[in-house]
Amino acid sequence: MPRSSPYRIDLSAEEAQELSRRAAKYTLPYFVVQRAKMILMAAPGMSNDEIAIRLDTRREVVSLWRKRFYKERLAGLEERARPGRPRAFPPSAHR
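This section reports on the structure supplied with the text. (Residues numbered from 1 in each chain as written. Predicted model: local features only at pLDDT ≥ 70, side-chain atom pairs only at ≥ 80, totals over all residues. Heavy atoms only, no water.)

Time to look at the pattern of salt bridges. In this structure the tally under the stated criterion is eight salt bridges. For arginine 8, the salt bridge is made with aspartate 10, and the minimal N-O distance between the two is 3.5 Å. With a relative accessible area of 54%, arginine 8 lands in the exposed category. A cluster of three or more residues bridged by salt bridges with shared partners is formed by Glu18, Arg21, Arg22 and Glu78. (Salt bridge = Lys/Arg side-chain N within 4 Å of Asp/Glu carboxyl O. Buried < 20%, exposed > 50% of the residue type's maximum accessible area, 1.4 Å probe, protein only.)

This brings us to the side chain of arginine 22. Along the polypeptide, arginine 22 turns up in helix α1 (residues 13–24). Of the residues examined, arginine 22 reaches a relative accessible area of 12% and is grouped as buried. A polar side-chain atom of arginine 22 sits 2.9 Å from a polar atom in the side chain of glutamate 18. Apart from residues no more than four positions distant in its own chain, arginine 22 is found in contact with Leu28, Val32, Val33, Ala36, Leu74, Leu77 and Glu78. (Helix = DSSP H or I, 4+ residues; strand = E, 2+ residues; numbered from the N terminus. Polar contact = N/O pair within 3.5 Å; in protein donor to acceptor, adjacent residues only side chain to side chain. Contact = heavy atoms within 4.5 Å.)

Written as structure tokens, this is what we have:
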């Protein structure tokens with residue numbers, strides 16, 4: 001029996017437009033595009049299991065991003081600082 005999420009996504013016109021822009025943009029990082037697609041699929045009521053199958057990811061990942069969007073809206077889809085030691089050599093540094 002599929003699980004239903006308690007986090008119902010209702011998008012404003014501006015949010016839907018911004019998420020559609022992100023989902024269609026090939027130059028954005030992959031994770032940004034995937035998160036936008038997850039929320040766009042969740043808005044009409046698609047289950048986390050269905051979204052995970054369509055995007056070839058895990059249900060837990062979809063659940064995490066649905067919950068963060070529900071609580072924080074677009075800001076919740078942004079990267080957060082990660083714990084741990086910072087990189088010694090940033091990828092953009094030239095030797």
